[in-house]
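Here's the letter readout for the chains.
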Amino acid sequence: MPNWYKRGFAAMLAMGDGEQHALYGKRKQALFADLQGTVVEIGPGTGLNLLYLPTDIHWIGVEPNAHLHKYIRAKASGKKRSIEIHAATLEALALADASVDAVISTLVLCSVADPAATLGEIRRVLKPGGRFFFIEHVIAPEGSFLRGLQRLVRPAWRLVADGCRPDRDTAKALREAGFSDVQMESFNLPIPNIVRPHIAGVAVV
Ligand SMILES: C[S@@+](CC[C@H](N)C(=O)[O-])C[C@H]1O[C@@H](n2cnc3c(N)ncnc32)[C@H](O)[C@@H]1O
């Protein structure tokens with residue numbers, strides 16, 4: 001996508017912070033409460049999740065859209081946080097094997113080019129027993145009207161939503177990614193939305 005698009009998408013994400021907080025804040029707070037050590041966040045966007053993370057972790061944000069970095073820095077400023085921000089994808093960053101305690105992702109696996117490769121990379125960088133925490137929207141149930149609609153609008157949706165696929169089967173990709181345990185629950189946002197249902201959970205290496 002061209003630079004003007006990336007800048008515009010960053011500004012649009014920043015405008016949506018309040019709504020995102022209202023929709024996901026409580027769930028994120030509960031999911032991220034006991035994070036420790038070195039935590040990699042893929043696609044942190046504006047850095048909104050920093051609001052829900054313990055302050056004594058070392059946070060590595062892997063955000064390829066550099067126009068978002070100023071929003072991340074603003075969220076971290078004034079707080080005693082240890083953070084690094086990288087303008088890369090997780091694959092391109094090539095962190096060392098078994099080097100991080102946790103990876104988190106919220107609404108990112110719908111946009112990555114190759115979910116299996118990204119999940120493989122997440123497993124590779126996690127220490128033994130390390131955990132991957134996620135909140136993602138996923139494809140609607142088989143046979144539903146919504147599933148057909150998600151397929152229909154996918155090309156246009158990808159264009160307006162920075163590569164997001166509304167019909168991505170991320171739950172299946174997670175189950176097939178080779179984690180020793182995957183726990184997830186399904187939920188819907190309390191608003192009409194084409195990107196539903198959602199899943200939230202944790203996968204253990
Ligand atoms: C819909 S936004 C979600 C932002 C944030 N995680 C949230 O929950 O508000 C998707 C983010 O993923 C990032 N992204 C897309 N592909 C990526 C990849 N391969 N690796 C890391 N981040 C990626 C985008 O730049 C964008 O910031």
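Keep in mind it's a predicted model, so treat the numbers as computed, not measured.

What about the environment of C110?
Phase 1: Of note, C110 is situated in the loop between strand 4 (100–106) and helix 5 (115–125).
Phase 2: Between the C-alpha atom of C110 and that of G45, which follows or precedes it by 65 residues, the distance is 14 Å.
Phase 3: When neighbours within four sequence positions are excluded, C110 is seen to be in contact with E136, H137, G163, C164, R165 and R168.

Here's the deal with helix 3 (residues 69–76)
Since the α-helix turns once every 3.6 residues, residues separated by three or four places project in the same direction.
Phase 1: Taken together, the buried positions of helix 3 are H69, I72 and A76. The buried residues of helix 3 occupy an angular sector of 60° when projected down its axis, which confines them to one face. Exposed residues on helix 3 whose side chains face more than 90 degrees from its buried face are K70 and A74.
Phase 2: Looking at the packing, one finds that the buried side of helix 3 touches strand 2 (58–62) and strand 3 (82–86).
Phase 3: One or two positions beyond helix 3, positive phi appears at G78, with a value near 85°.

Re the site of the ligand
Phase 1: The ligand sits among 14 residues. The nearest are G43, E63, P64, T106 and L107.
Phase 2: In the environment of the ligand, an oxygen atom lies 2.6 Å from a nitrogen or oxygen atom belonging to the side chain of E63.
Phase 3: Computed on the free molecule, the ligand has an accessible area of 600 Å², of which 88% lies beneath the protein chains in the complex.
Phase 4: Taken together, the residues of the shell around the ligand break down into seven nonpolar, six polar and one charged.

What counts, and at which threshold
Chains are numbered independently. Their residues run from 1 in the order of the written sequence. Selection of residues for local features in this predicted model requires a pLDDT of at least 70, selection of side-chain atom pairs for listing and counting requires 80 or more, and totals for whole chains, interfaces and linings are taken over all residues. In computing side-chain properties, one takes all heavy atoms of the structure into account and sets aside hydrogens as well as water. The numbering of helices and of strands both runs from the N terminus, where a helix is a DSSP run of H or I of at least 4 residues and a strand a run of E of at least 2. Working rule for contacts: check all heavy atoms of both residues, and any pair within 4.5 Å makes them a contact. Three labels apply to residues, based on accessible area from a 1.4 Å probe with only protein chains included: buried if under 20% of the type maximum, exposed if over 50%, partly exposed otherwise in between. In this context, the arc is that of the directions from the helix axis out to the C-beta atoms. Any residue with a heavy atom positioned within 4 Å of a molecule or strand is treated as near that molecule or strand. The term polar contact refers here to a pair of N or O atoms within 3.5 Å; inside protein, the definition further demands a hydrogen-donor-capable atom paired with an acceptor-capable atom, and it admits residues adjacent in sequence only when both atoms are side-chain atoms. Here the Shrake-Rupley method, with its probe set to 1.4 Å, supplies the accessible areas, and only the displayed protein chains count as covering residues. Nonpolar residues are Ala, Val, Leu, Ile, Met, Phe, Trp, Tyr, Cys and Pro. Charged residues are Asp, Glu, Lys and Arg, and all others, Gly as well, are polar.

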